[in-house]
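# What the coordinates show
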Amino acid sequence: QVQLVESGGGLVQPGGSLRLSCAAPESIDDISSMGWFRQTPGKQRELVAQFPSGGTPYYVDAVKGRFTIARDNAKKTVYLQMNSLKPEDTAVYYCSVGPPGMYIHWGQGTQVTVSS
């Protein structure tokens, strides 16, 4: 399975910001669905934000007003700008792309740790 390339995770203090990037290789044709997920130990991976092609961004309530998802179709890249970070945002973040309504290609995951 083709893997996406993520970057931008790290350690940040509460209230800080991080920007995640995720690039899909040219071999992936259909990037209609682009989204970000996160996972903490012992819990299922959960959707954080998504931006369907031709649609509008969607955010889960926990990140509304703090996170912004953006996509650059020419670069086959999706971004997640995370502001006002909280300790509960600590997780491994994964990007994913696929056909409409589907997520079939995944990134390797990037750790985001929010701690003082």
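For the structure, see preceding data.
Residues numbered from 1 in each chain as written. Predicted model: local features only at pLDDT ≥ 70, side-chain atom pairs only at ≥ 80, totals over all residues. Heavy atoms only, no water.

### Let's talk about the packing of aromatic side chains
What the rule picks out here adds up to two aromatic pairs. Each residue in the set Phe37, Tyr103 and Trp106 is aromatic and connected to the rest through ring pairs, giving one cluster. Above the face of the Tyr94 ring, Arg45 is positioned so that its terminal group lies 3.6 Å from the ring centre. Over the face of the ring belonging to Trp106 we find Arg45, whose NZ or CZ atom lies 4.8 Å from the ring centre. (Phe/Tyr/Trp six-rings, centres within 6.5 Å; stacked < 30°, edge-to-face > 60°. Lys NZ or Arg CZ within 6 Å of the ring centre and 35° of its normal.)

### Overview of the sheet that holds strand E3 (residues 18-23)
Spatially, the four strands line up as an open sheet ordered E1-E3-E8-E7, and their pairing is antiparallel. Edge positions in the open sheet fall to strand E1 (5-7) and strand E7 (67-72), since each of these has one partner strand only. Strand-to-strand twist in this sheet, taken as the mean axis angle between neighbours without regard to direction, amounts to 15°. (Pairing = 2+ DSSP bridges. Helix = DSSP H or I, 4+ residues; strand = E, 2+ residues; numbered from the N terminus. Axes fitted to C-alpha atoms, helices over the stretch in contact; angles between N-to-C directions.)

### Here's the deal with the state of the cysteines
This structure, assessed with the given rule, holds one disulfide. Residue pairing for Cys22: its cysteine sulfur links by disulfide to Cys95, the two sulfurs lying 2.0 Å apart. In this structure the cystine formed by Cys22 and Cys95 twists about its S-S bond by roughly 65°; its chirality is therefore right-handed. Of the two residues, Cys22 is situated in strand E3 and Cys95 in strand E9 (residues 91-98); the sequence distance between them amounts to 73 residues. Side by side, Cys22 and Cys95 carry an identical accessibility label, which is buried. (Disulfide = S-S within 2.5 Å. Buried < 20%, exposed > 50% of the residue type's maximum accessible area, 1.4 Å probe, protein only.)

### Here's the deal with the nonpolar core
Formed by 27 residues in total, the largest nonpolar core has its most connected members in Trp36, Phe67, Ile69, Leu80, Met82 and Tyr93. Of all the secondary structure elements, the ones that give two or more residues to this core are E3, strand E4 (33-39), strand E5 (46-50), E7, strand E8 (77-82), E9 and strand E11 (110-114). Broken down by element, this core gets its largest block of residues, four residues, from E9. Setting aside its immediate chain neighbours within four residues, Phe67 contacts Arg38, Val48, Tyr59, Leu80, Gln81, Met82, Asn83, Leu85, Asp89 and Tyr93. (Core = buried A, V, L, I, M, F, W, Y, C linked by side-chain atoms within 4.5 Å. Contact = heavy atoms within 4.5 Å.)

### Regarding the pattern of salt bridges
When charged atoms on two side chains of opposite charge get close, those side chains can pair. One pass over the full model with this rule turns up five salt bridges. Residue Arg38 pairs with Asp89 through a salt bridge whose shortest N-O separation is 3.0 Å. Here Asp89 lies in the loop between E8 and E9 and Arg38 lies in strand E4, a separation of 51 residues in the sequence. Two residues, Asp61 and Lys64, come together in a salt bridge whose shortest N-O distance is 3.1 Å. Under the relative-accessibility criterion, Asp61 is labelled exposed at 64%. Looking at Lys64, the relative accessible area reads 48%, which means it is partly exposed. Salt bridges sharing common partners tie together Arg38, Glu46, Arg66 and Asp89. (Salt bridge = Lys/Arg side-chain N within 4 Å of Asp/Glu carboxyl O.)

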